[in-house]
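# Summary of the model geometry
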Amino acid sequence: MRDDLARLPGLLSDHAARLLATLDERPAAVPPGPRTPPRPLPPAAGLDGALAEFASRWEPGFAGSAGPRYFGFVTGGATPASVAGDWLTSVLDQNPATRLDSRAPDLEEEAVGWLAELLGLPSHTGAFVSGATMSNTTGLAIAREWLGEREGVHVADEGVAALGEITVLSAEPHSSVRKALSMLGVGRRNLRTVPSLPGREAVDVAALDAALTALGGRPAIVIANAGTVNTVDFDDLRAIAALRERHPFWLHVDAAFGAFAALSPAHAGLVAGLDEADSVCVDLHKWLNVPYDSAVQFTRRRDLQLRVFHNNAAYLGEPSEDPLHLTPENSRRLRGLAAWFTLRAYGREGHRAIVEGSVAQARQLGDLVTATPGWRLLAPVRLNVVCFTHDTRAPDDIIRDAAPEAFFTPTTLWGTSGLRAAFSNWRTTPDDVERAFRALCGYRVEAR
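As a starting point, this report considers the structure included with it. As the structure is a prediction and not an experimental result, all values here were calculated from the model. (Residues numbered from 1 in each chain as written. Predicted model: local features only at pLDDT ≥ 70, side-chain atom pairs only at ≥ 80, totals over all residues. Heavy atoms only, no water.)

## Side note on a nonpolar patch on the surface
There is a patch of nonpolar side chains on the surface, built from Leu5, Leu8 and Leu12 and spanning about 270 Å² of accessible area. Examined against the element boundaries, leucine 8 turns out to sit in helix α1 (residues 2-22). With a relative accessible area of 34%, leucine 8 lands in the partly exposed category. (Patch = residues over 30% accessible without salt bridge, like charges linked within 9 Å, V, L, I, M, F, W, Y side chains within 5 Å. Areas by Shrake-Rupley, 256 points an atom, 1.4 Å probe, with all protein chains shown as cover. Salt bridge = Lys/Arg side-chain N within 4 Å of Asp/Glu carboxyl O. Helix = DSSP H or I, 4+ residues; strand = E, 2+ residues; numbered from the N terminus. Buried < 20%, exposed > 50% of the residue type's maximum accessible area, 1.4 Å probe, protein only.)

Below you can see the structure in the form of structure tokens.
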């Protein structure tokens, strides 16, 4: 192993350099097929042997999800600076749980502060988590504790049963919200769907007002969206927050990728009022373009966050604001380093350019769809996602045909099956958009 350690930088950097050099032409997705069967652990092959086997047996089956024509889900790439931070994360192997042995938590705190500044969240503190699902779960756990505070009980000590009936209201909640409610003991069935505006995914604030009125003053949790998955629609956050003058509720905003609209002056109005939320979900491996996994959970009530997640143990010292007392995890990797590197390297302007480039590319695809017979948009292109369909071809067939060239995800919007193209990768260019659309239309193109 010591010999491997000495050779590691050169060996791995050469291999990684080859991957990076060919990423633009790597298949965007690997079509579904027979699974690669697991096999028993063979005799030791050494570092060279393990790398060679990975390259031949596993690497060809990996998607080019970091490349410029992967438009599935909402998947960012990885900026060069974030890759540097991620590599150093493994080399340094810090567990940023406490400040007993490392300044790593201080670095993460600085990165969170930079993000709060960029996203317009001066009233919030934040902590790193793995992704949007865990960010939503953490925020809703704090909301659950707030409900207990209103009723004079400590849910963290007494359990969710001490609350009695719980009401959660939202118009178009992400699927991770239901998963979070299940894990928190609140239950999926306690999520009540509020009507959206006609032809929109944004909540009808008047309908939300009526739903809150019907509770007769009983506290609730309201989950608003800053960027829905299908159409990137935004709830009117200021109008929702204003309802707290008449109704008691915790306002959680799922802004997994939509929060980054704040970086573009032309679109910052979409997230006006975000700082009035009690908790906010922001996913960094989407539009910040850092490697998986990385997200932040922001809240205005760190005191309640500490009440939920504090971990008492003699070897940890007294409960404090160290990261292990803020999120479900005790031990984890130094997620914040990749974010710190990309923010420090490219700053506000660099990441604004990524956001505005993605929006321009989404509009480019929207124009191509509109101008091509047989294709049509299912919703206006509001930001960085295009939701569209073909009049005769099934989405699954289109995805399968296009997969080596570009990758999209299927969806259903208002009863119509279609495709989603999410733009969030710093590598994507207008040529990639054209090339991907030609693949959707059944035309193969040569590499440019």
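Read on, since the account is not over.
## Comments concerning α1
The terminal C-alpha atoms of α1 lie 31 Å apart, and with 21 residues this matches the ideal 30 Å at 1.5 Å per residue to within 8%. Largest kink in α1: about 55°, centred on leucine 8, with the proline proline 9 one to four residues after it. (Expected span 1.5 Å × (residues − 1). Bend = angle between axes of the 7 residues up to and from the residue.)

## Some details on the sheet that holds strand β5 (residues 249-254)
Taken together, seven strands build an open sheet; the order of strands is β1-β7-β6-β5-β4-β2-β3 and the sheet is mixed. Bordering the open sheet on either side are β1 (125-129) and β3 (191-193), each of which pairs with just one other strand. Taken pair by pair, the neighbouring strands of this sheet meet at an average axis angle of 20°, ignoring direction. Judged from the five bridges that link them, β1 and strand β7 (residues 295-299) form a sheet pairing that is antiparallel. Paired with alanine 127 across the bridge in β7 is glutamine 297. Here helix α7 (residues 175-183) sits on the sheet and contacts β2 (168-170), β3, β4 (220-225) and β5; the angle it forms with β3, its principal contact strand, is near 150°. (Pairing = 2+ DSSP bridges. Axes fitted to C-alpha atoms, helices over the stretch in contact; angles between N-to-C directions. Contact = heavy atoms within 4.5 Å.)

## Brief notes about the packing of helix α3 (residues 80-92) against helix α12 (residues 336-371)
Contact geometry of α3 with α12 gives a least axis separation of 7 Å together with a crossing angle of 145°. You can see that α3 and α12 cross each other, and the crossing is right-handed. Between α3 and α12, the residues in contact are Pro80, Ala81, Ser82, Ala84, Gly85, Asp86, Leu88 and Thr89 and Leu337, Ala338, Phe341, Thr342, Ala345 and Tyr346, respectively. Residues belonging to the contact of α3 with α12 are distributed by class as follows: nine nonpolar, four polar and one charged. (Left-handed = near helix turned anticlockwise from the far one by under 90°. Nonpolar A, V, L, I, M, F, W, Y, C, P; charged D, E, K, R; others polar.)

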